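Each chain, letter by letter, is given below.
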Amino acid sequence: MSLSVSNDLLDQARTGEVDDAAFVACVRDSLPYAWATITALVERRDRSGSDFADNHVPPPDEATRGQLLRCLASDAMRGALERHFGVRLAFQNCHRVAVFRPEATEAYREFVTPRAQILNQSPELVDC
């Protein structure tokens, strides 16, 4: 299961739209490694002033790797985090998540090319 959903949030979903802040809190609480990784990247990008920041450190175990995969594979979660942090997210392999300034279209386009994906490959990442 991707998220640990409270009964209140489940009731909210059953009766209508889900509040973005409540959904983001659910993601934060359910996927703490993914949340911490993305938060750290946003902070690093903000401090550096660069167009993007990306992660090169593999997760410490399969459970944390799964958090990143679940978070970034979900359009709803990815969209909510992008709105919350004011960024655009991109993902390669099992751990290389990147946060982009929304206006950094060229840097984003380069990151998501087949060329960039191929250049990011290594034997250590074959089964991630």
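For the structure, check the block above.
Residues numbered from 1 in each chain as written. Predicted model: local features only at pLDDT ≥ 70, side-chain atom pairs only at ≥ 80, totals over all residues. Heavy atoms only, no water.

**Examining the sheet that holds strand 2 (residues 88-92)**
Step number 1: Taken together, the three strands give an open sheet; going across it, the order is 1-3-2, and neighbouring strands pair in antiparallel fashion. Two strands in the sheet have a free side with no partner beyond their single neighbour: strand 1 (52-54) and strand 2. The average angle at which neighbouring strand axes cross in this sheet is 15 degrees, direction not considered.
Step number 2: Both strand 2 and strand 3 (residues 96-100) contribute to a ladder of five bridges, which runs antiparallel. Paired with Arg88 across the strands is Phe100, a residue of strand 3. (Pairing = 2+ DSSP bridges. Helix = DSSP H or I, 4+ residues; strand = E, 2+ residues; numbered from the N terminus. Axes fitted to C-alpha atoms, helices over the stretch in contact; angles between N-to-C directions.)

**Regarding the nonpolar core**
As a rule of thumb, nonpolar side chains are buried together in soluble globular proteins.
Step number 1: The biggest cluster of nonpolar side chains holds 25 residues, and the ones touching the most others in it are Val27, Ile38, Leu81, Leu89 and Val99.
Step number 2: Those elements that provide at least two residues to this core are helix 2 (20-30), helix 3 (32-48), helix 4 (62-73), helix 5 (75-85) and strand 3.
Step number 3: Per-element tally for this core: the top contributor is helix 3, with six residues.
Step number 4: In this view, Ile38 contacts Cys71, Leu72, Leu81, Phe85, Leu89, Val97 and Val99; residues no more than four positions away in its chain are not counted.
Step number 5: Ranked by size, the runner-up nonpolar core spans five residues in total, among them Ala90, Ala98, Phe100 and Phe111. (Core = buried A, V, L, I, M, F, W, Y, C linked by side-chain atoms within 4.5 Å. Buried < 20%, exposed > 50% of the residue type's maximum accessible area, 1.4 Å probe, protein only. Contact = heavy atoms within 4.5 Å.)

**Section: helix 4**
Quick reminder: α-helices carry 3.6 residues per turn. Residues three or four places apart thus point the same way.
Step number 1: Here helix 4 spans 16 Å end to end across 12 residues, near enough to the 16 Å set by a 1.5 Å rise per residue.
Step number 2: When we look at burial in helix 4, the residues that qualify are Thr64, Arg65, Gly66, Gln67, Leu68, Cys71 and Leu72.
Step number 3: Buried residues along helix 4 sit against helix 2, helix 3, helix 5, strand 2 and strand 3. (Expected span 1.5 Å × (residues − 1).)

**Points about the pattern of salt bridges**
Side-chain pairing between opposite charges can occur once the charged atoms of the two side chains come close.
Step number 1: Evaluated as defined, the whole model comprises seven salt bridges.
Step number 2: A salt bridge links Asp20 to Arg83, with the shortest nitrogen-to-oxygen separation between them at 2.9 Å. Of the two residues, Asp20 is situated in helix 2 and Arg83 in helix 5; the sequence distance between them amounts to 63 residues.
Step number 3: Its relative accessible area of 32% is what places Asp20 among the partly exposed residues.
Step number 4: Overall, the relative accessible area of 54% leaves Arg83 in the exposed class.
Step number 5: Asp46 is paired through a salt bridge with Arg45; the nearest N and O atoms lie 2.4 Å apart.
Step number 6: Residue Arg45 is classed as buried on the basis of its relative accessible area of 5%. (Salt bridge = Lys/Arg side-chain N within 4 Å of Asp/Glu carboxyl O.)

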